[in-house]
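Results of the structural survey
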Amino acid sequence: MCEDFVGGLVGCDIFSWVIAYKNAILSGVFVVGGCFAIARKDSRMNKEVTDRIVALFVKKLNDVSRAATAADDDAVVGKIESVLKEALGEVGEACQQALVDEQVELRDVYEQTCRCGRRMVVKDLRSRKIYGRHGEFTVRRRYFICPSCAGKRLPLDERLNVGGRFTKTVEEMIALVGVTHSSRRASAVLETLSGLCISSTTIMRYTASIGRQAHQQLINRPAESPLPPECPRAYVSLDGVMVNTLSGWREMRLGCLYDDDGYRRYVASLADSGEFGRMLRQMVCLAGGQRARELIAIADGAHWIWEQVRTRLPFTNVEIVDFYHAGQLLGGVARSVYGEGTSCAARWLQDKLKTLRRGGATVLLKKLRNTAAYRRGHPEMRRVVDYF
């Protein structure tokens, strides 16, 4: 049966294809989007629906034949591909709607009990348009209300898992193109590869929504390999970096929990410092960082970082301002006070770095407050004193 149909498809002309298709339909074979499936003998899909889909397919196949015949020799293959893609899309959408109607009739709920314990009644049939892999389809299902507490339910939505605007398959496709391309380009890529026409704004919104859900799931789940119960020393490192987003430049905040044996766990967000601090604490606690014998916080001198360390991670034992960032800031002060590339700036920077390395921030602060630039109120010098 299938062999006869496939043999017809590899024939030399479109007419043979149509004849093979008609014979296959009589044998119980359906074609949807270029894929074959044997029809069930007990299918609930009525003959009128199947005849309509067959007629649509034959009509579209003839359209492809006419378009190919009218095309130039060097363009005929491309014309067949483009017109056939559109034709199969329309047939696929019709098949999708017919199969959904069949399954809705089979699976719809006729009785429903409210959460309050009373029996709910059917108010009417509600229609919902959903965008699926083969285009848009409509689901008509029973809408229940409770005469006692006025509760409302659409139980078939829960059974079929179709509560959103798109099916799960389309949501996955949106997320895939949304994370690999810009939102403007993602819309064109999705249409080219799948034939789905979804606006760039919708792709951006859904990708962001799915990303937030995935990020929250990642934060909330227990660490796959938490820190050892007797971990002698763990570290929390925080930083921020400016990134260019659609709404302008924003600070991406990052945090990392790690130990001396290669354990790593990360958190990153564009949220404000308070929300990021909450996420950081959640990540550290789920990984067992608070149980480490010694927990060390390492970061630059940004005010928001140490505010979050003090409020969200009060169980840290040691706070360290990393030498690299401190050196960068001192270098900026040297250039501002003594001039870019001058020997005075170089000598001043080397002296202060040596003081910081050997005596720490307390000794350095004493030296900085004794400088003439600090006493004159030089803004860069004041800023570096506040930093330390």
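Summarised in this report is the structure supplied together with it. This one's a predicted model, so the numbers in the text were calculated from it and none came from an experiment.

1. A word on the sheet that holds strand E9 (residues 295-299)
Within a sheet, neighbouring strands are paired by backbone hydrogen bonds and run either parallel or antiparallel to one another. Taken in spatial order, the five strands make up an open sheet running E8-E7-E6-E9-E10, and their pairing is mixed. Of all the strands in the sheet, the pair left with one neighbour each is strand E8 (264-269) and strand E10 (318-321). Going from strand to strand, the sheet's axes swing by 20 degrees on average, the running direction of each strand aside. Sheet analysis places strand E6 (residues 234-245) next to strand E7 (residues 248-259), joined by 12 bridges and oriented antiparallel.

2. Remarks on the environment of aspartate 157
Locating aspartate 157 in the fold gives a position in helix H5 (residues 155-160). By relative accessible area, aspartate 157 is classed as buried at 11%. Non-local contacts of aspartate 157, meaning those with residues more than four positions away in its chain, are made with Arg128, Arg141, Val162 and Gly163.

3. Some thoughts on the packing of helix H9 (residues 273-286) against helix H10 (residues 303-312)
For the pair H9 and H10, the least separation of the axes is 10 Å and the interaxial angle reads 45 degrees. In terms of axis orientation, H9 runs oblique to H10. Relative to H10, H9 is oriented so that their crossing is right-handed. Residues Ser273, Gly274, Phe276, Gly277, Arg278 and Arg281 of H9 touch H10, and the partners they reach there are Trp304, Gln308 and Arg312. Its residues assigned to classes, the contact of H9 with H10 shows two nonpolar, four polar and three charged.

4. What about the nonpolar core?
Within the largest apolar cluster, 23 residues are counted, with the highest numbers of intra-cluster contacts made by Ala234, Val236, Leu238, Leu257, Leu280 and Ile305. Among the elements of the structure, E6, H9, E9 and H10 are those that each provide at least two residues to this core. For this core, the element with the highest residue contribution is H9, accounting for five residues. Residues in contact with isoleucine 305, not counting those within four places in the same chain, are Leu238, Asp239, Ala299 and Asp300.

5. Points about the pairing of strand E4 (residues 135-145)
Where strand E3 (residues 121-132) lies against E4, 11 bridges are found, and the strand directions are antiparallel. Note that in E4 the partner of glycine 132 across the bridge is glycine 135. The pairing of E4 with strand E5 (residues 152-153) spans two bridges and is antiparallel. Among the inter-strand pairings, isoleucine 145 is bridged to a residue of E5, identified as lysine 152. Counting the residues between successive antiparallel strands, the hairpin from E4 to E5 contains six residues, one of them, alanine 150, with a positive phi of roughly 65 degrees.

6. Description of H9
If you check H9, its first and last C-alpha atoms are 20 Å apart, about what 14 residues at 1.5 Å a residue would give, namely 20 Å. Among the residues of H9, Phe276, Gly277, Met279, Leu280, Met283 and Val284 are the ones counted as buried. Viewed along the axis of H9, the buried residues span an arc of 165 degrees, placing them on a single side of the element. The distance from a side-chain oxygen at the start of H9 to the backbone nitrogen of glycine 274 is 3.2 Å, and the residue carrying that oxygen is aspartate 272. Downstream of H9 by one or two residues, glycine 288 has phi in the positive range, about 85 degrees.

7. Description of the pattern of salt bridges
For the structure on display, the rule yields 18 salt bridges. The salt bridge partner of aspartate 63 is lysine 59, with a shortest N-O separation of 3.4 Å. Residue aspartate 63 and its partner lysine 59 are both found in helix H3 (residues 47-70); the two are separated by four residues, about one turn of the helix. A residue is classified by how much of its surface remains accessible, and lysine 59, at 46% relative accessible area, is partly exposed. Between glutamate 275 and arginine 278 there is a salt bridge; the shortest N-O distance is 2.7 Å. A residue pair is termed a helical-turn pair when its members lie 3 or 4 positions apart in one helix, as glutamate 275 and arginine 278 do in helix H9 at three residues. For arginine 278, a relative accessible area of 31% gives the class partly exposed.

The rules we used
- Residues numbered from 1 in each chain as written.
- Predicted model: local features only at pLDDT ≥ 70, side-chain atom pairs only at ≥ 80, totals over all residues.
- Heavy atoms only, no water.
- Pairing = 2+ DSSP bridges.
- Helix = DSSP H or I, 4+ residues; strand = E, 2+ residues; numbered from the N terminus.
- Axes fitted to C-alpha atoms, helices over the stretch in contact; angles between N-to-C directions.
- Buried < 20%, exposed > 50% of the residue type's maximum accessible area, 1.4 Å probe, protein only.
- Contact = heavy atoms within 4.5 Å.
- Parallel < 35°, antiparallel > 145°, perpendicular 65-115°, else oblique.
- Left-handed = near helix turned anticlockwise from the far one by under 90°.
- Nonpolar A, V, L, I, M, F, W, Y, C, P; charged D, E, K, R; others polar.
- Core = buried A, V, L, I, M, F, W, Y, C linked by side-chain atoms within 4.5 Å.
- Expected span 1.5 Å × (residues − 1).
- Arc of directions from axis to C-beta.
- Polar contact = N/O pair within 3.5 Å; in protein donor to acceptor, adjacent residues only side chain to side chain.
- Salt bridge = Lys/Arg side-chain N within 4 Å of Asp/Glu carboxyl O.

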